[in-house]
Amino acid sequence: MTSPLPPGVPTGVSFDDALKIVRGVATRHVVDAQSVALSRAHGRVLREDLVAPMALPAFDNSAMDGYALRHADLGADGARLPLAGEQFAGRALDLALAPGACVRITTGAALPAGADTVVIKEDVAIDGDAISVPAGLPLGANVRRRGEDVEPGDRVLRVGQWLSPARVSLAASLGLPSLSVSRRPTVAVYTTGDELVEPGIALAPGQIYDSNRELLMGLLRADGLEPTAWPRLPDDPKQVEIALRDAACAFDMVLTCGGVSAGEKDHLPGVLARFGEVHLWKVRMKPGMPVLFGSLDQARVLGLPGNPVSVLATYLTLGRALLDGLQGRTEARPAWRARLAAPIDKPHARREFVRARLFSDDDGMLRADPSAATGSHRLRAAADANALIVVPDGPQRLAVGDAVDVLVIA
Ligand code: AMP
Ligand code: MG
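Procedures and definitions
Residues numbered from 1 in each chain as written. Chains lettered and ligands numbered in written order. Predicted model: local features only at pLDDT ≥ 70, side-chain atom pairs only at ≥ 80, totals over all residues. Heavy atoms only, no water. Near = heavy atom within 4 Å. Polar contact = N/O pair within 3.5 Å; in protein donor to acceptor, adjacent residues only side chain to side chain. Areas by Shrake-Rupley, 256 points an atom, 1.4 Å probe, with all protein chains shown as cover. Nonpolar A, V, L, I, M, F, W, Y, C, P; charged D, E, K, R; others polar. Domains from an automatic or database assignment. Helix = DSSP H or I, 4+ residues; strand = E, 2+ residues; numbered from the N terminus. Expected span 1.5 Å × (residues − 1). Buried < 20%, exposed > 50% of the residue type's maximum accessible area, 1.4 Å probe, protein only. Contact = heavy atoms within 4.5 Å. Core = buried A, V, L, I, M, F, W, Y, C linked by side-chain atoms within 4.5 Å. 1 Å grid on protein atoms, 1.4 Å probe; cavity = no way out; pocket = protein on both sides within 12 Å on 5 of 7 lines; lining within 4 Å. Points joined across faces, edges and corners; volume = space filled by probe spheres on them.

1. Looking at the site of ligand 1
Here comes step 1: Near ligand 1 lie 15 residues; those nearest to it are Glu 195, Asp 210, Ser 211, Gly 259 and Gly 306.
Here comes step 2: The separation between a nitrogen atom of ligand 1 and a polar main-chain atom of Asn 212 is 3.2 Å.
Here comes step 3: For ligand 1, an oxygen atom lies 3.3 Å from a polar atom in the backbone of Asn 307.
Here comes step 4: Summarising the interface, the protein chains cover 76% of the accessible area of ligand 1, which totals 480 Å² for the free molecule.
Here comes step 5: In terms of residue class, the shell around ligand 1 is made up of five nonpolar, eight polar and two charged.

2. Some points on the domain arrangement of the protein
Here comes step 1: For the protein, the assigned domains are domain 1 (11–31 + 184–326), domain 2 (37–55 + 149–182), domain 3 (61–144) and domain 4 (336–408).
Here comes step 2: Taking the mean C-alpha position of each, domain 1 and domain 2 sit 33 Å from one another.

3. Some points on helix H5 (residues 237–248)
Here comes step 1: Over its twelve residues, H5 runs 16 Å from end to end, which matches the ideal 16 Å to within 8%, given 1.5 Å per residue.
Here comes step 2: Among all positions of H5, only Val 240, Glu 241, Ala 243, Leu 244, Ala 247 and Ala 248 are buried.
Here comes step 3: In the core, the buried residues of H5 are packed alongside strand E14 (187–191), strand E18 (253–257), helix H6 (268–275), strand E21 (292–296) and strand E22 (299–304).

4. Here we look at the nonpolar core
Here comes step 1: In this structure, Leu 255, Val 283, Leu 304, Tyr 315 and Leu 318 are the most contacted members of the largest nonpolar core, which totals 42 residues.
Here comes step 2: If you list the elements that add at least two residues to this core, you get helix H1 (15–27), E14, helix H4 (212–222), E18, strand E19 (277–283), E22, helix H7 (308–326) and strand E27 (387–391).
Here comes step 3: Shared between two domains, this core holds at least three residues of each, these being domain 1 (11–31 + 184–326) and domain 4 (336–408).
Here comes step 4: Sequence-distant contacts of Leu 318, defined by excluding residues within four places in its chain, comprise Phe 15, Ala 18, Leu 19, Val 22, Val 283, Met 285, Val 291 and Leu 302.
Here comes step 5: Core analysis: the second largest hydrophobic core is formed by 24 residues, Leu 233, Leu 272, Ala 273 and Trp 281 among them.

5. Structural notes on the layout of surface pockets
Here comes step 1: Quantified by volume, the largest pocket comes out at close to 1200 Å³.
Here comes step 2: What lines the largest pocket is a set of 41 residues, and nearest its centre among them are Arg 320, Asp 324, Ala 332, Arg 333 and Pro 334.
Here comes step 3: Those elements giving two or more residues to the lining of the largest pocket turn out to be H1, H7, strand E25 (351–360) and strand E29 (403–408).

Dropping the structure here:
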């Protein structure tokens, strides 16, 4: 069969080259930035460096409930200090500590002027209007110094970082009500295939239920996107063309599944080549080899093969790379390595993604137990898996205990 693609389109590329192509295209199509309230910023990608407008802590304060004092007043045996007042968190900072006295203080309360050390309340004996402080309290004990965490002008977050809850909360602690983040890319999801039927409808002979739609919707949602599922497409070139062109003028990304191989019912590559641009077709990976990537109108189009496990492997690698790139994420995702719990013998040269159960053993070692099921149609083994083992390019004989990269599934 002749190729539906014009000459020069990369096909049969290595997995690493595919990743480079996807990342390169994505960086040329980064979505707009928008300013959002902090509560909307979670999970987004930051589009501005965050420079601290203030110190954290903003003022010297007590780390514990106790008594603020001057360290110089403590002798070799400790000291008996009269109580001169109280300082609670949230109060104005008008209290000054006279030499030889102490002030009752609560956690987070500003240190009175003159105080430099806090003794915790459990360590003192109350003696009328005074407290007895034991010996040995170091200077500065239980005091949080102004600026010890953040100094004004510190660059605390950077463009391209993913906003974890702690990072959003850091912005809040600096008094910032909103952040500039990437708009969420809009994603249209199409499953394709004459054999596909909606769950709940009786199957005719030869039909199967569309399971990939839920797989894709779930993966996208777990990554913080709000995908739109479009009606299933039959294996008809005209309908594929109309649907794809329709979605491509309204979405940032069109994610399809099925119909990307070289069979006579696989129309995606031809339609994309005819109306848009193909950036790559077929990657030396297993499963997922026929994956297709291109641009059409304003959308990036990622065509995943139909086998459910191919969907997992291609989405978690190329799909995520594309979505991260479109959002301007430059911070790498966390990478994990684990030790094999069973050997893997891979005679072929393609990079392989093997379903696995990732667990931590009694010694705290991360282990990956590869699934015995091969065959990219076997969804049950995927349902039992929580990770994919990445088996490197080239033939590999990996033994129990060998370290491998693993991709954690959502
Ligand atoms: P294709 O990539 O279209 O050649 O499909 C490869 C295999 O995946 C075939 O066995 C299809 O029936 C199956 N398949 C394709 N799309 C889906 C889907 N949405 N849900 C479940 N299986 C699918
Ligand atoms: Mg098909």
